[in-house]
Amino acid sequence: LNFSLSFSSFRDPMAMERANLLNMAKLSIKGLIESALSFGRTLDSDYPPLQQFFVVMEHCLKHGLKVKKTFLGYNKSLWGPLEMVEKLCPEAGEIAASVRDLPGLKTPLGRARAWLRLALMQKRLADYLRVLITRKDILSDFYESSAVMLEEEGAVIVGLLVGLNVIDANLCVKGEDLDTQVGVIDFSMYLKNDIDDYRSEERNGQIAAILDQKNYVEELNRQLKSLVYTQVAKGDASCELDTYKQSRQGLDEMYNEARRQLREECQLRQDVENELVVQVSMKQEMELAMKLLEKDIHEKQDTLIGLRNQLDEVKAINVEMYQKMQTSDDGMKHKNDMIARLEEKTNQITATMRQLEQRLQDAERDRLSAEDGMRRFKQDFANKADSLQKQIAQREKLQLETDLKIEREWRQTLQNDLERERETVAQLSAEAQQINALKKEFHRLQDENTQLKGICEEQEQHFICYKSKLYVGSFQGGQVWLKDKDATHCKLCEKEFSISRRKHHCRNCGEIFCNACSDNELPLPASPKPVRVCDTCHALLLQRCSSNTT
């Protein structure tokens, strides 16, 4: 940062800001990944490197943001471009809907901060921002032309965000006050460490040793000068002066040679240290990449094992359902055969009833004709009796006895005919009773047919309910699926349901809750896609997932 600020007068200020933000993003992302891997647990909202990462991302997204005029004044919010991700990427619709449904958020800045946290927990932050920066025409409505999101630095930052997919974060967005937080970058986390201080002290010690050698050479020169002066006083001035000059020249050459060698050694040492730093950074990056790769491999293996187990369970359920369907089809065929036989028997009974009704009508007509003949016979008998009485009065006693004998014979014949007619009527009455018994049997068979049809329909309803219960049990872990009519209040907050407060089933426990108590979504073993779960099951599943990850 200091190096960049020293050339601020020679470069564009916006370019300087982009470079500084890019350097801060690199430092925060690298520090967050390294600290998270060394931490070895799921990160929460109070983790300092994670807080600094969100502050740096907020500054990057705010850079070059246009000021829009509203009714309350001038507003500068980054919720606008983040809200456009929902239109460009349909998968981001769930995050946007969750952010809008949060009751504690009142400002666009708080919604943007909540969106960043939810996207990081989903491990889709890099994907969403990559989709956003590819649409320069949409971003130009929100940012200036020299903003980070419209330049190459934005693409580099989005590429760095891919490394955050190895981090597992469990952030409680509801409990945080995201509207009033102050986003200030803490530079103390990125200052030099003790190793750099040790290297600077070692370098200062080397410089001090060189200075001590220089002082020693200068002291030696002074002593030689004093020796030359004493020798001159004794009379050997010329000889000693030559000796002094030669020694002085030799010392200067030694000093220059030593200084040149020291400079070369310092340069060589600096090159070796730079190479060592590069090798150490490359080794750390390789170790980090190996850790990320190993963790990704373990996660994919666990996912593959889970998918295989789910596939085996689904196959077993399909085999069981196929067997039950075969059994049900056999039962349905048997019942259909019984119904066909009953219908055939019913048709036969109906034909028999029609024949008996026809015979009954014929017998009724015969009885009526017999009664009519009886009436005519009685009338004729009465007329004959009158005529006989008149003849009796006119004839003699012998003729009267003859007539009476003849009359007795006629009466006997009529009585015999009457007895035969009575027997015919009795036979017809017996046949009528048989017809009534057949009618009762027909009605009884009709009732039995109706009962069998009702039993068949009831068994079909039981079979459909059984299939639905099997499906519900397959993705609800065997819990009881509560019916809508059995619930009038929310299971968690105990508020009464109404037109505005709708009923929602938890896909994990099967209970009924309101929207506020069941607005969470998580994937379950019976459903690979995220489904609605209540707050209690959401916390329990997250705790179980955290314990499994640990």
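Predicted model, so just to flag it, every value in this text is computed and none were measured.

What counts, and where the lines are drawn
Residues numbered from 1 in each chain as written. Predicted model: local features only at pLDDT ≥ 70, side-chain atom pairs only at ≥ 80, totals over all residues. Heavy atoms only, no water. Helix = DSSP H or I, 4+ residues; strand = E, 2+ residues; numbered from the N terminus. Buried < 20%, exposed > 50% of the residue type's maximum accessible area, 1.4 Å probe, protein only. Contact = heavy atoms within 4.5 Å. Areas by Shrake-Rupley, 256 points an atom, 1.4 Å probe, with all protein chains shown as cover. pLDDT = per-residue confidence, 0-100. Salt bridge = Lys/Arg side-chain N within 4 Å of Asp/Glu carboxyl O. 1 Å grid on protein atoms, 1.4 Å probe; cavity = no way out; pocket = protein on both sides within 12 Å on 5 of 7 lines; lining within 4 Å. Points joined across faces, edges and corners; volume = space filled by probe spheres on them. Nonpolar A, V, L, I, M, F, W, Y, C, P; charged D, E, K, R; others polar. Axes fitted to C-alpha atoms, helices over the stretch in contact; angles between N-to-C directions. Parallel < 35°, antiparallel > 145°, perpendicular 65-115°, else oblique. Patch = residues over 30% accessible without salt bridge, like charges linked within 9 Å, V, L, I, M, F, W, Y side chains within 5 Å. Core = buried A, V, L, I, M, F, W, Y, C linked by side-chain atoms within 4.5 Å. Left-handed = near helix turned anticlockwise from the far one by under 90°.

A. Region of interest: the overall build of the protein chain. Helix and strand counts for the protein chain come out as 14 helices and six strands. Looking at the protein chain as a whole, 26% of its 550 residues qualify as buried. Sequence separation of 24 or more characterises 62% of the internal contacts of the protein chain that already satisfy a separation of 6 or more. Total accessible area on the protein chain stands at roughly 37,500 Å², and carbon and sulfur atoms take up 55% of it.

B. Region of the structure containing the confidence of the model for the protein chain. Averaged over the protein chain, the pLDDT score is 79; the fraction of residues at 70 or greater is 80%. Mean pLDDT per element in the protein chain: helix H1 (residues 2–6) is the minimum at 40, and strand E4 (residues 512–513) is the maximum at 93. Every residue in residues 192–200 is under pLDDT 50, and counting partners more than four places away or in other chains gives one contact. Of the regions scoring below 50 in pLDDT, residues 467–477 engages in 15 contacts with residues more than four places distant in sequence or in other chains.

C. Structural view of the pattern of salt bridges. Going through the model one piece at a time under the given rule, you end up with 23 salt bridges. In this structure, the salt-bridge partner of Arg260 is Glu264, at a minimum N-O distance of 2.7 Å. Remark: Glu264 and Arg260 occur in helix H12 (residues 237–394); sequence separation between them is four residues, near one turn of the helix. You can call Arg260 partly exposed: its relative accessible area is 34%. Ionic pairing is found between Lys300 and Asp296, a salt bridge with its closest N-O pair at 3.7 Å. You can see Lys300 and its partner Asp296 sitting in helix H12, four residues apart, about one turn around the helix.

D. Representation of empty space enclosed by the protein in the model. Counted according to the given criterion, the structure contains two cavities of 30 Å³ or more. Lining the largest cavity are Met57, Cys60, Leu61, Leu129, Val148, Met149, Gly154, Ile157, Val158 and Leu161. Listed by contribution, the elements that provide at least two residues to the lining of the largest cavity are helix H3 (48–62) and helix H10 (152–160). Here the residues of the lining of the largest cavity sort into nine nonpolar, one polar and no charged. Of the volumes computed, that of the second largest cavity is approximately 30 Å³. Lining the second largest cavity we find Phe54, Glu58, Leu78, Arg113, Leu116 and Arg117. If you list the elements that add at least two residues to the lining of the second largest cavity, you get H3 and helix H7 (108–122). In terms of residue count, the dominant contributor to the lining of the second largest cavity is H7 (three residues). Classifying every residue of the lining of the second largest cavity gives three nonpolar, no polar and three charged.

E. Here's a closer look at the packing of helix H2 (residues 13–39) against H10. As a packed pair, H2 and H10 sit with axes 10 Å apart at the nearest point and diverge in direction by 5°. Here H2 lies roughly parallel to H10, going by the angle between them. For the pair H2 and H10, contact is made by Arg18, Leu22, Ala25, Lys26 and Ile29 and by Glu153, Val156, Ile157 and Leu160, respectively. A breakdown of the residues in the contact of H2 with H10 according to their chemical character gives six nonpolar, no polar and three charged.

F. Looking closely at a nonpolar patch on the surface. Among the surface-exposed residues, Met290, Leu293 and Ile297 lie close enough to one another that they form a single nonpolar patch of about 290 Å² accessible area. Here Leu293 shows up in helix H12.

G. Seen up close, the nonpolar core. Membership of the largest hydrophobic core comes to 64 residues, with the highest contact counts inside it found for Leu50, Phe53, Trp115, Tyr143, Leu161 and Leu164. Ignoring sequence-local partners within four residues, the contact set of Trp115 consists of Trp79, Leu82, Val85, Ile95, Val99, Leu125 and Tyr128. Core analysis: the second largest hydrophobic core is formed by 16 residues, Cys490, Cys517, Leu522 and Leu541 among them.

H. Summary view of the packing of H3 against H7. Put simply, H3 and H7 touch, their axes get as near as 11 Å, and they point 120° apart. It follows from the interaxial angle that H3 and H7 lie oblique. For the pair H3 and H7, the sense of crossing is right-handed. Judged by residue contacts, Leu50, Phe53, Phe54, Glu58, Leu61 and Lys62 of H3 engage Leu109, Arg113, Leu116, Arg117 and Leu120 from H7.

I. Main features of unusual backbone geometry. Positive phi is not limited to glycine here, since Lys123 has a value of about 60°. Within the secondary structure layout, Lys123 lies in the loop between H7 and helix H8 (125–133). On the basis of relative accessible area, Lys123 is assigned to the partly exposed category, the value being 26%. The residue Glu494 is not glycine, and still its phi comes out positive at about 60°. Looking at where Glu494 falls in the secondary structure, it is placed in the loop between helix H13 (397–475) and strand E3 (504–505). On the basis of relative accessibility, which here comes to 62%, the residue Glu494 falls in the exposed class.

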